[in-house]
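The residues making up each chain are set out below.
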Amino acid sequence: MSDTTQNRLQPGDIAPAFTLQDQDGRPVSLRDSAGKSTIVYFYPAASTPGCTTQACDFRDSLASLTAAGYVVLGVSPDPIGKIIRFAQKEGLTFSLLSDEDHAVAEAYGAWGEKKNYGRTYEGLIRSTVVVGPDGRVTHAQYNVKATGHVARLRRTLGLDEA
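This text gives an overview of the structure that appears in the document. Since this is a predicted model, take the numbers as computed values, not measurements. (Residues numbered from 1 in each chain as written. Predicted model: local features only at pLDDT ≥ 70, side-chain atom pairs only at ≥ 80, totals over all residues. Heavy atoms only, no water.)

Digging into a negative patch on the surface
A surface patch of like charges, here negative, comprises Glu100, Asp101, Glu106, Glu113 and Glu122. Mapped onto the secondary structure, glutamate 106 falls in helix α3 (residues 103-107). (Patch = residues over 30% accessible without salt bridge, like charges linked within 9 Å, V, L, I, M, F, W, Y side chains within 5 Å. Areas by Shrake-Rupley, 256 points an atom, 1.4 Å probe, with all protein chains shown as cover. Salt bridge = Lys/Arg side-chain N within 4 Å of Asp/Glu carboxyl O. Lys, Arg positive; Asp, Glu negative; His and termini not counted. Charge placed at Lys NZ, Arg CZ, Asp CG, Glu CD. Helix = DSSP H or I, 4+ residues; strand = E, 2+ residues; numbered from the N terminus.)

Some points on helix α4 (residues 149-156)
Buried within α4 are the following residues: His149, Val150, Leu153 and Arg154. Viewed along the axis of α4, the buried residues span an arc of 135°, placing them on a single side of the element. The secondary structure elements touched by the buried residues of α4 are β3 (37-42), α1 (49-67), β8 (127-131) and β9 (137-142). At the exit of α4 stands glycine 158, carrying a positive phi of roughly 75°. (Buried < 20%, exposed > 50% of the residue type's maximum accessible area, 1.4 Å probe, protein only. Arc of directions from axis to C-beta. Contact = heavy atoms within 4.5 Å.)

Examining the nonpolar core
One finds Ile39, Tyr41, Tyr43, Phe58, Val72, Phe94 and Leu96 to be the most contacted residues of the largest nonpolar core, which totals 22 residues. Those elements that provide at least two residues to this core are β3, α1, β4 (70-76), α2 (80-90) and α4. Among the elements that make up this core, the one with the highest residue count is α1 (five residues). If we skip the residues at most four places from it in the chain, tyrosine 43 touches Cys51, Gln54, Gly74, Val75, Ser76, Pro77, Asp78, Ile83, Phe86, Leu96, Leu124 and Arg126. The next biggest cluster of nonpolar side chains, apart from the first, holds 21 residues, and it includes Phe18, Val28, Val40 and Tyr108. (Core = buried A, V, L, I, M, F, W, Y, C linked by side-chain atoms within 4.5 Å.)

Quick look at the side chain of arginine 154
Assignment of secondary structure puts arginine 154 in helix α4. Given a relative accessible area of 4%, arginine 154 falls into the buried group. Within polar-contact distance, the side chain of arginine 154 engages the side chain of serine 64 at 2.9 Å. (Polar contact = N/O pair within 3.5 Å; in protein donor to acceptor, adjacent residues only side chain to side chain.)

Such coordinate-based values are descriptive only and should not be taken to indicate function.
Right, dumping it as structure tokens:
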């Protein structure tokens, strides 16, 4: 098992560059949002209860996040077909990115050892990294809870609740 605590990003770190396919078949790169703040959130599996709650919270806050200058990118190890169905079913209008080989999750420290029901395995750790307009990490949160995460993130970012 890998120890991702060593790979976890810290404020001030340069965010790892990436390009992944979104639900519309387009390549999306972190550099596409250069000059803007970007919320990169990692979720374990599309269409599961926690991931649906979190994605819908981002969807419902998207207008105010965009107005505050943020771009939202959701990243999961799901294949593109599952992401397409998830985005359509939930009306998600921000980019969901397929990271099937979990290379981006690993680079961001969001892949590693998990424990569930007494079983230890490697998987995606629900995490959110905020990248500033200069490409540096401003906030890095790991092992976040899906329910209420967007509201907590908004407070952390100094944004009023919508």
